[in-house]
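Listed below are the residues making up each chain.
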Amino acid sequence: MADRRVLTRLDRPLDDTVPARRSITLRDLLTFRLGIGAVLAPPGRYPIQRALADAGLAPGAEPPVVGPQEWLRRLGNLPLIRQPGEAWMYHTGSDVLGRLIERVTGGSLADFLRRRVFEPLGMRDTGFQVQDAQLRRLPTSYRADPETGHSWCTTTRPTASGAARPRSNPAGAGWSPRWTTIWRSAG
């Protein structure tokens with residue numbers, strides 16, 4: 001991590017960086033202070049947002065079509081937005097944590113969460129997929145209009161399980177459907 005680079009400012013080009021003061025720690029991942037995450041601004045406003053989108057890593061309702069190793073490689077090629085430990089940033093920490101859990105346990109994040117969290121708590125309807133019979137319980141999904149970034153448009157409930165299932169193994173938020181990743185019992 002000694003060669004990690006950090007943007008000097010959010011609005012600067014991707015090569016306007018300084019060295020990271022320190023490595024990213026597990027505490028940084030757990031507190032979402034790893035130095036990169038969702039930029040809470042209209043899509044494409046800043047160079048790093050465009051780079052995240054070009055790499056297929058931008059937060060949004062459409063999951064990337066790359067696997068977890070490629071996702072991590074692409075993320076590792078981008079500069080950090082903030083110094084590690086400096087500021088909370090939504091989103092990317094859960095993706096990296098999901099991959100870390102998978103590597104440590106040797107299994108999928110979905111299996112780990114089911115065995116270690118959901119089953120012990122009696123959360124039998126919680127997971128990364130929705131069964132066809134339960135699709136009626138899904139809410140309508142909302143997202144920013146891609147042309148303006150400001151208006152909100154809606155997408156209706158999926159009518160087939162393929163629409164409610166991740167395209168690849170879920171590992172947090174970034175490469176699984178963001179707004180519909182973990183389902184909870186409605187009653």
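As the structure is a computational prediction, the values presented were derived from the model and not from experiment.

Asker: For this particular structure, what's the right way to read the overall build of the protein?
Answerer: The number of helices and strands found in the protein is six helices and four strands. Secondary structure elements of the protein, listed N to C terminal, follow the sequence β-β-α-α-α-α-α-β-β-α. Within the protein, the fraction of its 187 residues that count as buried is 40%. The contacts of the protein with a sequence gap of at least 6 include a subset with a gap of at least 24, amounting to 65%. Approximately 10,900 Å² of the protein is accessible, and the part contributed by carbon and sulfur atoms is 52%.

Asker: Sorry, what's going on with the pattern of salt bridges here?
Answerer: Close approach of charged atoms allows side chains of opposite charge to pair. Applying the stated criterion to the full structure yields 12 salt bridges. Through salt bridges that share partners, Arg21, Arg82 and Glu86 make up one connected network.

Asker: I tried to follow the packing of helix α3 (residues 68–76) against helix α4 (residues 92–105) on my own but got confused; where do I start?
Answerer: Between two packed helices, both the angle of their axes relative to each other and the distance between the axes serve to describe the pair. Orientation of α3 relative to α4, taken along the N-to-C sense of each, is 130°, at an axis distance of 11 Å. Here α3 lies oblique to α4, going by the angle between them. In terms of crossing hand, the pair formed by α3 and α4 is left-handed. The residues of α4 that touch α3, namely those facing Pro68, Gln69, Trp71, Leu72 and Leu75, are Thr92, Asp95, Val96, Arg99 and Arg103. When grouped by side-chain class, the residues that make up the contact of α3 with α4 number five nonpolar, two polar and three charged.

Asker: How should I be thinking about the confidence of the model for the protein in this particular structure?
Answerer: Regions with low pLDDT should not have their predicted coordinates read in detail. Looking at the protein as a whole, its pLDDT mean stands at 80, while 73% of the residues score no less than 70. Scored below 50 in pLDDT, residues 173–187 shows 55 contacts in the model against residues more than four places distant or in partner chains.

Asker: Quick question: what am I supposed to make of unusual backbone geometry here?
Answerer: Backbone geometry follows two general trends: most residues other than glycine have a negative phi, and most peptide bonds adopt the trans configuration. The residue Phe32 is not glycine, and still its phi comes out positive at about 60°. Although it is not a glycine, His91 sits at a positive phi angle of roughly 100°. Structurally, His91 can be placed in the loop between α3 and α4.

Asker: Would you take a moment to explain the packing of aromatic side chains for this structure?
Answerer: Geometrically, a pair of aromatic rings is defined through the distance of the ring centres and the angle of the planes. Per the stated rule, a full pass over the model turns up two aromatic pairs. Between Phe32 and Trp88, the aromatic rings sit 6.4 Å apart at their centres with planes inclined by 15°, giving stacked as the arrangement. Separated by 56 residues along the polypeptide, Phe32 in the loop between α1 (26–30) and α2 (47–54) and Trp88 in the loop between α3 and α4 bring together distant segments of the chain. Judged by centre distance (6.2 Å) and plane angle (45°), the rings of Trp88 and Tyr90 are tilted. With relative accessibility at 54%, the residue Trp88 sits in the exposed group.

Asker: Can you help me understand the environment of Asp16 in this one?
Answerer: Structurally, the position occupied by Asp16 is in the loop between β1 (5–7) and β2 (17–19). Dropping the residues within four chain positions of it, Asp16 is found in contact with Val6, Leu7 and Thr8. A distance of 2.6 Å separates a polar atom in the side chain of Asp16 from a polar atom in the side chain of Arg12.

Conventions adopted
- Residues numbered from 1 in each chain as written.
- Predicted model: local features only at pLDDT ≥ 70, side-chain atom pairs only at ≥ 80, totals over all residues.
- Heavy atoms only, no water.
- Helix = DSSP H or I, 4+ residues; strand = E, 2+ residues; numbered from the N terminus.
- Buried < 20%, exposed > 50% of the residue type's maximum accessible area, 1.4 Å probe, protein only.
- Contact = heavy atoms within 4.5 Å.
- Areas by Shrake-Rupley, 256 points an atom, 1.4 Å probe, with all protein chains shown as cover.
- Salt bridge = Lys/Arg side-chain N within 4 Å of Asp/Glu carboxyl O.
- Axes fitted to C-alpha atoms, helices over the stretch in contact; angles between N-to-C directions.
- Parallel < 35°, antiparallel > 145°, perpendicular 65-115°, else oblique.
- Left-handed = near helix turned anticlockwise from the far one by under 90°.
- Nonpolar A, V, L, I, M, F, W, Y, C, P; charged D, E, K, R; others polar.
- pLDDT = per-residue confidence, 0-100.
- Phe/Tyr/Trp six-rings, centres within 6.5 Å; stacked < 30°, edge-to-face > 60°.
- Polar contact = N/O pair within 3.5 Å; in protein donor to acceptor, adjacent residues only side chain to side chain.

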